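Close look at the chain arrangement
Listed below, chain by chain, are the residues.
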Amino acid sequence: MIGWPFSKSEDDGSDEENRHWASSEEDCKAMQKKYGWELKRVEHRDGDSDSGVDCVFKGKQTSFWDMWADHQDYKEE
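Structure report, in brief. What you see as residue numbers is a count from 1 along each chain, following the sequence as written. pLDDT decides what is reported in this predicted model: residues at 70 or higher carry local features, side-chain atom pairs at 80 or more are listed and counted, and totals for whole chains, interfaces and linings draw on all residues regardless. Neither water nor hydrogens contribute to the side-chain values; these are computed over all heavy atoms in the structure.

Examining the pattern of salt bridges
What counts as a salt bridge is simple: a side-chain nitrogen of Lys or Arg found within 4 Å of a carboxyl oxygen of Asp or Glu. Scanning all chains against the criterion turns up seven salt bridges. Because the salt bridges share partners, they merge into one network encompassing Glu17, Arg19, Lys40, Arg41, Glu43 and Asp54.

With respect to the packing of aromatic side chains
Aromatic pairs are defined between Phe, Tyr and Trp rings, using the six-membered ring for Trp, whenever the two ring centres lie within 6.5 Å; interplanar angles under 30 degrees are classed as stacked, those over 60 as edge-to-face, and all others as tilted. Under the counting rule described, the total for this entry stands at two aromatic pairs. Ring centres of tyrosine 35 and tryptophan 37 lie 4.8 Å apart, and the angle between their planes is 25°; this geometry places the pair in the stacked category. The class of tryptophan 37 is buried, set by a relative accessible area of 13%. Every member of this aromatic cluster is reached through a ring pair, and the members are Tyr35, Trp37 and Phe57. To sort residues, take the accessible area from a 1.4 Å probe on protein chains only and compare it with the maximum for the residue type: under 20% means buried, over 50% means exposed, and anything in between is partly exposed.

Comments concerning the side chain of asparagine 18
Secondary structure elements follow DSSP: runs of H or I no shorter than four residues count as helices, runs of E no shorter than two count as strands, and numbering proceeds from the N terminus. Within the secondary structure layout, asparagine 18 lies in strand E2 (residues 17-22). For asparagine 18, a relative accessible area of 1% corresponds to the buried category. Any N or O atom pair separated by 3.5 Å or less is treated as a polar contact, with the protein-specific requirement of one donor-capable and one acceptor-capable atom, and with residues adjacent in sequence counted only for side-chain atom pairs. One polar contact links asparagine 18 to histidine 20, side chain to side chain, over a distance of 2.8 Å. Of the polar contacts made by the side chain of asparagine 18, one reaches the side chain of threonine 62; its length is 3.1 Å.

Right, here's the structure in full:
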């Protein structure tokens, strides 16, 4: 399961981060492979493995909502 993005983390001094919620570290790796993003780290949320993880990728923040909306007018002929 993949969720909405989070804001840039200020604790590591990096330029830009692309953050997305996921159910597991394996989902982060799947996003890395599917979208070609470089995975910097996986942050466990509040130490609770059942609440999912934040996947932190290098680069400008993206939104799955924007990507989904880009394809809504597409009609296969």
